[in-house]
Amino acid sequence: METLIPVINRLQEVFLTVGAEIIQLPQIVVVGSQSSGKSSVLESLVGRDFLPRGSGIVTRRPLVLQLVNVPPLSERTQQETGIKAEEWGTFLHSKNQIFTDFQEICKEIEEETERSSGGNKGISPEPIYLKIFSPHVLNLTLVDLPGITKVPVGDQPEDIEAQVQQMILSFISNPNSLILSVSPANSDLATSDALKLAREVDPDGRRTLLVVSKLDLMDAGTDALEVLLGRVIPVRLGIVGVVNRSQHDINTQKSIEDTARDEQAFLQRHYPSLASRCGSRYLARTLSRLLMHHIRDCLPELKSRVTVLSAQYQARLSSYGQPVEDHSATLLQIVTKFASDYCNTIEGTATHIQTSELCGGARICYIFHETFGRTLQSIDPLGGLTELDILTAIRNATGPRPALFVPEISFELLVKRQIKRLEEPSLRCVELVHEELQRIIQHCSSYSTQELLRFPKLHDSIVEVVTSLLRKRLPITNEMVHNLVQIELAYINTKHPDFTDAAQVSASVNSQQQDGVKLWKNEKVAEEKAPVSDFSSPVKSQAINLLDTATPVSRKLSAREQRDCEVIQRLIKCYFLIVRKSIQDSVPKTVMHFLVNFVKERLQSELVGQLYKQNLLQGLLIESQDIAQQRTEVAQMLEALQKASNIISEIRETHLW
């Protein structure tokens, strides 16, 4: 099971190369308040001084520390590592540089921190990755985070406390991480910020190990026995007390070995019953054991996660396609696929069918039978036509002679006026279908093959060709629809099988009037005796008023006038309904033939004719930089996942127990 930690270190390196943390790897996260002794604890685990020290926030970037146990220099050959040193370190940002002087490691940490965080106490969430090889360390992976601070200093923002806490939470929220909470013994643990943050993400304390530092700095007459026994704050993974090096020890460069001996002597004097379960060496063994068991528990889920992500990234990589080799074949394939998708969307057989709104052929059907049909049905056959208009038309059609019968020319004049009202909604129907055909272009662009999205110039050219084809057909279709109305206006077919004969209408009206002839004669006599009315002798201004504005008749109409108006109204309504029915049927057919079907039949040939040219192929198939970059990133991630899968597969089941 000792091989598990190196496996995690290898996985960490694999995923760091692609700059992503999609896999939550098991690791130990060190959390503590500013100057709580975190750095001293880490240095005691390594056995060397390598961390920057000073006042204020010293750790200003996360430090991912991998400890790798190697044989002593005397027991290994030069071929094994190629390094003539007992201990050394390497950084991810400078892989080819070997640091054998730990003071140089400290200097490199400071310089790398200032490169991204600034030279005046600014913090950065970008980690520094350090790997230390030594025969004196146990295999471990730790993350040292900036200390929790309260007051901003230097160029730190006012919300430095919130930033640090957010950074800490982003690491310890990982359910696969163990939390190493460092709290000094000379402060009240009930107010420990490190324990407070740990409790937020680990309320049961299942992932938390408490380190009580600075045992030697407690007030005289007090000790941490109750705390170390877990009677004050219970922690599932245990509580370990350690003695840190004092500032005097650091200034006098007291060695870690001497510090470890003095620490053990202090524990034997003050905590003899707990001496074997405290101290830096015991802490290192405990951390290594806990991490190995934690890795063992996380490994099945980790393996499953890698497998799932590998399949997902393989699918994404396939969707991006391969770099273009045969430009002609690629262009023909994309054009054919687009034309097929466009036609299938109209026919309703497309692979991607929207469920949120009508699209394509369904939308066109709705325009024909709902929008256009209902609009025609809402047009009143006699709308905008008053009795005054009808009587005026009758009189104008008779000239200077009084009419014995209703003149046919007045009927034709008035019914043509009503038929013209059908042209506007018919042309609007063409416009709506044209707009939907334009929308289908974007629909197919969104759901078409990823190949089309790879080439923005080809995409724009296809859109331009289809738009141009639609634009050319629009005036032709409008002209044909306009002609449909003009055809109806050209000849008023009063012999239409569905049209009611004028004589029948007149007879029907006469039969509804009791004593029609007698009443008509009485009215005639009354008219001769009555003073001149608006209709018999209209004044010029009154005549203009009657023609320009539909003012109500100033007197009650005579029976004959009522009869003539009703006859004309019935004839207009009857003939208008015939024409409306014809227009409602012929306009959709015209639009389908001259616009929709024409575009469907000519689309592919138009695209090929306009785009399949040798001088255009290279330019059209220039790949989008975003797609190329995404393909590269996905390929790198897939390679990392495959490496991770191979690394995990090397672990045999027997190694887990």
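None of the values given here were measured: they were computed from a predicted structure. (Residues numbered from 1 in each chain as written. Predicted model: local features only at pLDDT ≥ 70, side-chain atom pairs only at ≥ 80, totals over all residues. Heavy atoms only, no water.)

**Section: the sheet that holds strand β3 (residues 88-91)**
- Reading across from one edge, β4-β3-β5-β2-β6-β1-β7-β8-β9 is the order of the 9 strands in this open sheet, with mixed pairing throughout. Looking at strand neighbours, the two that pair on one side only are β4 (94-99) and β9 (239-241), the edges of this open sheet. For this sheet, the mean inter-axis angle between neighbouring strands, taken without regard to orientation, is 25 degrees.
- Contacts from helix α6 (residues 193-201) reach β1 (27-32), β7 (177-184) and β8 (208-213), with the element oriented near 155 degrees to β7. (Pairing = 2+ DSSP bridges. Helix = DSSP H or I, 4+ residues; strand = E, 2+ residues; numbered from the N terminus. Axes fitted to C-alpha atoms, helices over the stretch in contact; angles between N-to-C directions. Contact = heavy atoms within 4.5 Å.)

**With respect to a negative patch on the surface**
- There is a patch of like negative charges on the surface, built from Asp101, Glu104, Glu110, Glu111 and Glu114.
- Considering the arrangement of structural elements, one finds Glu114 in helix α4 (residues 102-117).
- On the basis of relative accessible area, Glu114 is assigned to the partly exposed category, the value being 44%. (Patch = residues over 30% accessible without salt bridge, like charges linked within 9 Å, V, L, I, M, F, W, Y side chains within 5 Å. Areas by Shrake-Rupley, 256 points an atom, 1.4 Å probe, with all protein chains shown as cover. Salt bridge = Lys/Arg side-chain N within 4 Å of Asp/Glu carboxyl O. Lys, Arg positive; Asp, Glu negative; His and termini not counted. Charge placed at Lys NZ, Arg CZ, Asp CG, Glu CD. Buried < 20%, exposed > 50% of the residue type's maximum accessible area, 1.4 Å probe, protein only.)

**Describing the nonpolar core**
- One finds Tyr342, Leu437, Leu458, Ile462 and Leu607 to be the most contacted residues of the largest nonpolar core, which totals 70 residues.
- Where this core is concerned, the elements lending two or more residues are α11 (327-347), α12 (361-377), α13 (387-398), α14 (408-419), α15 (423-447), α17 (456-490), α21 (559-611) and α22 (614-620).
- Excluding residues within four positions of it along the chain, Leu458 makes contact with Leu331, Ile334, Leu452, Leu611, Leu620 and Leu621.
- Core analysis: the next-biggest nonpolar cluster, separate from the first, contains 62 residues, Ile109, Leu178, Leu638 and Ala640 among them. (Core = buried A, V, L, I, M, F, W, Y, C linked by side-chain atoms within 4.5 Å.)

**Looking at the packing of aromatic side chains**
- Across all of its chains, the model carries 6 aromatic pairs by this definition.
- Residues Phe499 and Tyr575 carry aromatic rings whose centres are separated by 5.5 Å and whose planes lie at 85 degrees to one another, so their mutual orientation is edge-to-face. A residue pair is termed long-range when its members are at least 10 positions apart, and Phe499 in the loop between α17 and α18 (502-512) and Tyr575 in helix α21 qualify at 76 residues. You'll find Phe499 and Tyr575 in the same group, each marked buried.
- Chaining the aromatic ring pairs together yields one cluster made of Phe411, Phe499 and Tyr575. (Phe/Tyr/Trp six-rings, centres within 6.5 Å; stacked < 30°, edge-to-face > 60°.)

**Quick look at the packing of helix α2 (residues 38-46) against helix α10 (residues 280-320)**
- Contact geometry of α2 with α10 gives a least axis separation of 9 Å together with a crossing angle of 80 degrees. Comparing their axes, α10 and α2 come out roughly perpendicular. Two secondary-structure elements touch here, α2 through Val41, Ser44 and Leu45 and α10 through Ser280, Leu283, Ala284 and Leu287.
- Looking at the contact of α2 with α10 residue by residue, the class counts come to 5 nonpolar, 2 polar and no charged. (Parallel < 35°, antiparallel > 145°, perpendicular 65-115°, else oblique. Nonpolar A, V, L, I, M, F, W, Y, C, P; charged D, E, K, R; others polar.)

**Here we look at α11**
- An ideal rise of 1.5 Å per residue puts 30 Å on 21 residues; α11 measures up with 30 Å between its terminal C-alpha atoms.
- Among the residues of α11, the N-terminal cap falls to Asp326, whose side-chain oxygen and the backbone nitrogen of Ser328 are separated by 3.3 Å.
- Where α11 ends, the next residue or the one after it, Gly348, has phi of about 85 degrees, a positive value. (Expected span 1.5 Å × (residues − 1). Polar contact = N/O pair within 3.5 Å; in protein donor to acceptor, adjacent residues only side chain to side chain.)

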